[in-house]
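Overview (structure and organization)
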Amino acid sequence: MGVTVAMDDFGTGYSSPQVFPFDKIKVDKSFIQSVETSVHAAAIIKATRLLGRSLNIPVLAEGVETEQHLAFLREEGCASVQGFLFGKPMPQEAISRMIRLVGGTPAAAVDVQAKKAAAA
C-alpha cells in the first residue's frame with residue numbers, strides 16, 4: 001500500500017491572493033537552478049508564470065546564473081529576473097557611485113551592470 005500526499009487548501013489562507021493581495025510572485029532560485037535537469041522545476045516555473053499572467057501579478061525569477069537559465073525564462077515570457085548573471089551583491093557606496101555615473105537612475109545603473117555581465 002503506497003502513501004500519497006495532497007496539497008490541501010491551495011491558494012487559501014495566508015497564501016491566497018484574495019486575502020493578501022501580492023504585488024509580485026518570486027520563483028525561488030532552486031527551481032531556476034534545476035530547470036535544465038528537472039521537468040518538475042520547469043513545470044513549476046511555467047505554471048507560476050501562467051498563474052501570474054492570469055492574476056495580472058508580475059513574476060520575478062531569482063537565482064539566474066547562466067545564459068541557459070535566462071534563455072528558458074525569456075522563452076516563457078518572464079521579463080523580471082535577478083541573479084549573479086547580472087551582478088554580485090555590492091556595498092551601498094558602490095551602488096550609489098554606479099547610479100551617479102549613469103545619470104542618476106537606478107534602472108539605468110542596472111542596465112549598465114547587466115551589459116557588463118553579458119560582455120564578460
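So, how was this worked out
Residues numbered from 1 in each chain as written. Predicted model: local features only at pLDDT ≥ 70, side-chain atom pairs only at ≥ 80, totals over all residues. Heavy atoms only, no water. Helix = DSSP H or I, 4+ residues; strand = E, 2+ residues; numbered from the N terminus. Buried < 20%, exposed > 50% of the residue type's maximum accessible area, 1.4 Å probe, protein only. Lys, Arg positive; Asp, Glu negative; His and termini not counted. Salt bridge = Lys/Arg side-chain N within 4 Å of Asp/Glu carboxyl O. Contact = heavy atoms within 4.5 Å. Core = buried A, V, L, I, M, F, W, Y, C linked by side-chain atoms within 4.5 Å.

Here arginine 49 lies in helix α2 (residues 39-55). The buried charged residue arginine 49 lacks any salt bridge, with glutamate 76 as its nearest oppositely charged partner at 7.2 Å. Not counting residues up to four positions away in its chain, the partners in contact with arginine 49 are Val59, Glu76, Gly77 and Cys78.

Let us now look at the environment of leucine 50. As for its position among the elements, leucine 50 is in helix α2. Between the C-alpha atom of leucine 50 and that of glycine 77, which follows or precedes it by 27 residues, the distance is 9.5 Å.

Another point: unusual backbone geometry. The backbone of asparagine 56 sits at a positive phi, close to 60 degrees, despite the residue not being glycine. Tracing the backbone through its elements, the reader meets asparagine 56 in the loop between α2 and β2 (59-62). Classification of asparagine 56 by relative accessible area gives exposed; the value is 70%.

The subject of this paragraph is the side chain of glutamate 76. Residue position: glutamate 76 is located in the loop between α3 (67-75) and β3 (80-82). Glutamate 76 sits in the buried class, given a relative accessible area of 17%. Once residues lying within four places of it in the same chain are set aside, the contact partners of glutamate 76 are Lys46, Arg49 and Arg53.

What follows deals with the nonpolar core. Judged by nonpolar contacts, the single largest core of 15 residues is most densely connected at Ile32, Ile45, Ala61, Val64, Phe72 and Leu73. The contacts of valine 64, once residues within four sequence positions are left out, are Ile32, His69, Leu70, Leu73, Val81, Gln82, Gly83, Phe84, Leu85 and Phe86.

Keep in mind these numbers describe shape, not what the thing actually does.
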